[in-house]
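# Observations on the model geometry
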Amino acid sequence: MKRHLLLMTLFFLNNFLLAQNEQYQLAMENFQTHYNAEKYAQIFDEFSEEMQEVLPLENTLQFLSGLKNQVGEIKAKEWIGFEQVAYASYKTSFERAVLTVNISLNENNKINGLFIKPYEESSESNETTIHALDDYPKEIAEIIFSKARHFPNNTQMSIALIQNGKTAYYGIIKRNDTILPIQNQQMVFEIGSLTKVFTSTVLAAMVLEGKVNLTDEINMYYPFSFKNNAKINFEALANHTAGLPRLPSNLDLTNEDNPYKSYGEKELEDYLKNKWVSNADLEKAYVYSNLGTGLLGHTLGLVQKTNFQTLLPTYVFEKFNMKNSWTTSRNLGNKKVKGQNPKGEIAAHWDFDVLFGAGGMLSTAEDLAQFALAQFNPKNKELTMTRQPTFSINDQMQIGLGWHLLKSQKGATLFWHNGGTAGYSSSMAIDVEKKNAVIVLSNVSAFHAKNDHIDQLCFALMAELEK
């Protein structure tokens with residue numbers, strides 16, 4: 001799930017002259033103090049007016065609480081220097097990660113830029129990657145090469161481009177510092193949080209069957225009261241407006257190789273009964289939550305007196321001819337591309353139990369292309385339902401059931417989601433009106449410093465299809 005421990009990043013920067021170093025030191029000290037004390041509103045008070053407009057209070061609370069839940073408190077920080085004569089950069093050691101915190105101040109010493117990303121050593125390596133994609137259309141090859149060249153050897157990408165309903169596949173592998181073509185559209189990758197779209201698709205299908213309503217409270221399917229008698233409905237779980245945190249507080253993140261494997265029904269019930277954290281500032285606001293979508297999938301299983309992993313093949317794989325999509329990596333053998341950590345070493349597979357609906361699915365570019373093509377058929381009413389806006393996140397983005405709704409460079413509505421695990425990253429965008437789609441699967445770690453190139457590749461290819 002993008003990014004898990006996956007970091008939302010915020011960046012708003014005006015071209016103000018830098019103040020004295022002491023002001024930055026003070027700002028960073030205050031940020032650390034308030035962040036560790038969970039006094040996020042005080043951090044918001046230190047924002048400039050422009051920053052507060054870009055990042056309202058509820059979004060600030062969401063971002064900082066999510067960051068704290070993922071990586072813990074700040075333990076130490078080291079000033080790196082000024083970057084691009086615009087912001088001060090700090091190597092920041094959190095409990096569970098080392099990140100770069102970039103901060104910018106305006107002339108009144110108010111924070112007008114905050115950018116947090118994985119820390120990367122500043123040593124520059126020689127760019128020796130060789131372009132060997134001559135068999136692909138020049139424009140497509142250049143876009144792919146520009147985004148793939150920074151990843152380690154043995155990186156694979158499996159790409160499907162659908163233009164006006166017609167599909168073409170472009171696979172690449174990096175070997176010996178050379179980007180080469182490969183046929184891998186039938187190879188299996190973890191798709192991470194792209195799973196959320198499929199979880200919402202099952203929800204929509206069950207709504208059309210009359211088994212649930214979007215406004216039904218899920219509480220009726222649990223033989224106990226949630227903490228503080230909290231109530232929650234299906235739609236709020238599907239569009240991330242339930243006020244739930246990104247991850248449950250009783251998820252053991254010390255197992256970085258496979259953090260979700262041991263989180264089962266017992267742990268989820270304990271959270272719902274005893275550890276639920278209700279935050280009035282986050283209610284009815286968009287708070288991206290793996291916990292929420294995992295809870296959605298689990299509850300749909302309870303409705304049908306089974307588990308979600310049983311529902312997914314019936315409601316999605318079989319109906320949309322996805323013959324090579326899976327709910328487990330067992331017995332896949334060489335069908336599955338090996339995931340990689342940021343150094344290019346083999347990464348552990350992520351197993352999911354009760355939170356499977358948040359990110360446990362595995363699939364291929366070929367199968368996801370089938371799913372994209374099905375979006376163009378209005379007879380697939382459950383797919384139409386998932387694409388209907390249910391909440392406005394900001395002026396640029398809405399959310400349906402699972403899908404995020406964005407505008408392309410040409411003004412078209414794009415339905416988009418991405419995903420990431422320890423060894424894989426994915427991105428998918430669909431333009432239903434023009435019958436265009438881009439699917440990018442990769443064994444690039446969600447924790448790689450240039451992981452955002454996967455999304456950049458997806459949108460760059462979509463722009464190319466729009467020409």
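Analysis parameters
Residues numbered from 1 in each chain as written. Predicted model: local features only at pLDDT ≥ 70, side-chain atom pairs only at ≥ 80, totals over all residues. Heavy atoms only, no water. Helix = DSSP H or I, 4+ residues; strand = E, 2+ residues; numbered from the N terminus. Buried < 20%, exposed > 50% of the residue type's maximum accessible area, 1.4 Å probe, protein only. Areas by Shrake-Rupley, 256 points an atom, 1.4 Å probe, with all protein chains shown as cover. Lys, Arg positive; Asp, Glu negative; His and termini not counted. Charge placed at Lys NZ, Arg CZ, Asp CG, Glu CD. pLDDT = per-residue confidence, 0-100. Contact = heavy atoms within 4.5 Å. Salt bridge = Lys/Arg side-chain N within 4 Å of Asp/Glu carboxyl O. Pairing = 2+ DSSP bridges. Phe/Tyr/Trp six-rings, centres within 6.5 Å; stacked < 30°, edge-to-face > 60°. Lys NZ or Arg CZ within 6 Å of the ring centre and 35° of its normal. Axes fitted to C-alpha atoms, helices over the stretch in contact; angles between N-to-C directions. Left-handed = near helix turned anticlockwise from the far one by under 90°. Nonpolar A, V, L, I, M, F, W, Y, C, P; charged D, E, K, R; others polar. Polar contact = N/O pair within 3.5 Å; in protein donor to acceptor, adjacent residues only side chain to side chain.

## Here we look at the overall build of the chain
Of the regular secondary structure elements, the chain holds 13 helices and 16 strands. Put simply, the chain has 467 residues, and 56% of those count as buried. By element, 45% of the accessible surface of the chain is carried by carbon and sulfur atoms, the whole surface being about 20300 Å². Once the 43 positive and 51 negative side-chain charges of the chain are each reduced to a mean point, those two points are 6 Å apart.

## Considering helix α11 (residues 365-375)
Where burial is concerned, most of α11 is hidden: 8 out of the 11 residues are buried. Within α11, the full set of buried residues consists of A365, D367, L368, A369, F371, A372, A374 and Q375.

## Structural notes on the confidence of the model for the chain
In the predicted model, the chain carries a mean pLDDT of 88, and 91% of its residues have values of at least 70. In this model residues 1-20 is a low-confidence stretch, pLDDT under 50, and it forms 93 contacts with partners more than four residues away in sequence or in other chains. Throughout residues 122-126 the model reports pLDDT below 50, and contacts reaching past four residues in sequence, or to other chains, amount to 0 contacts.

## A look at the pattern of salt bridges
The final tally for this structure, using the stated rule, is 8 salt bridges. Note that K336 and E190 form a salt bridge whose closest N and O atoms lie 4.0 Å from each other. One end of the pair, K336, is in the loop between α10 (308-317) and β10 (362-363); the other, E190, is in strand β9 (residues 189-190), and 146 residues separate them in sequence. Of the two residues, K336 and E190, both sit in the buried class. Note that K467 and E464 form a salt bridge whose closest N and O atoms lie 3.0 Å from each other. Judged by its relative accessible area of 18%, E464 falls in the buried class.

## Here's the deal with the sheet that holds strand β7 (residues 166-175)
Taken in spatial order, the 10 strands make up an open sheet running β5-β8-β7-β6-β16-β15-β14-β13-β12-β11, and their pairing is mixed. In this open sheet, the two strands that pair with only one neighbour each are β5 (130-131) and β11 (391-392). Here 6 bridges tie strand β14 (residues 413-420) to strand β15 (residues 425-431), and the two strands are oriented antiparallel to one another. Note that in β15 the partner of W416 across the bridge is A429.

## Some remarks on the packing of aromatic side chains
Under the criterion given, the structure shown has 17 aromatic pairs. Note on F308 and F356: the rings are 6.3 Å apart at their centroids and 45° apart in plane angle, and the pair reads as tilted. Within this pair, whereas F308 is found in helix α10, its partner F356 is found in the loop between α10 and β10, the two being separated by 48 residues in sequence. Neither F308 nor F356 differs from the other in exposure class; each is buried. Three or more aromatic residues joined by ring pairs make a cluster, and in this case those are F31, Y35, Y40 and F94. Above the face of the F224 ring, K273 is positioned so that its terminal group lies 5.2 Å from the ring centre. The ring centre of F415 lies 5.7 Å from the NZ or CZ of R387, which sits over that ring.

## Things to note about the packing of helix α6 (residues 195-208) against helix α9 (residues 290-303)
Their axes nearest at 10 Å, the elements α6 and α9 cross at an angle of 35°. Viewed along their axes, α6 and α9 form a crossing whose handedness is left-handed. Residues K196, T199, S200, V202, L203 and M206 of α6 form the contact with α9, whose own contacting residues are N290, T293, L296, G297, L300 and V303. Considered class by class, the residues forming the contact of α6 with α9 number 6 nonpolar, 5 polar and 1 charged.

## Quick look at the side chain of Q340
Within the secondary structure layout, Q340 lies in the loop between α10 and β10. Reaching out from Q340, the side chain makes a polar contact with the side chain of T155 at a distance of 3.3 Å. The residues contacting Q340, other than those within four sequence positions of it, are P152, N153, N154, T155, E345, A347, A422, G423, N443, V444 and S445.

## Regarding unusual backbone geometry
Positive phi is not limited to glycine here, since E38 has a value of about 60°. Note on placement: E38 falls in the loop between α1 (21-36) and α2 (40-45). Of note in the backbone geometry, N228 takes a positive phi value of approximately 60° without being a glycine. Mapped onto the elements, N228 comes out in the loop between α6 and α7 (234-238). Note on N228: relative accessible area 59%, which makes it exposed.

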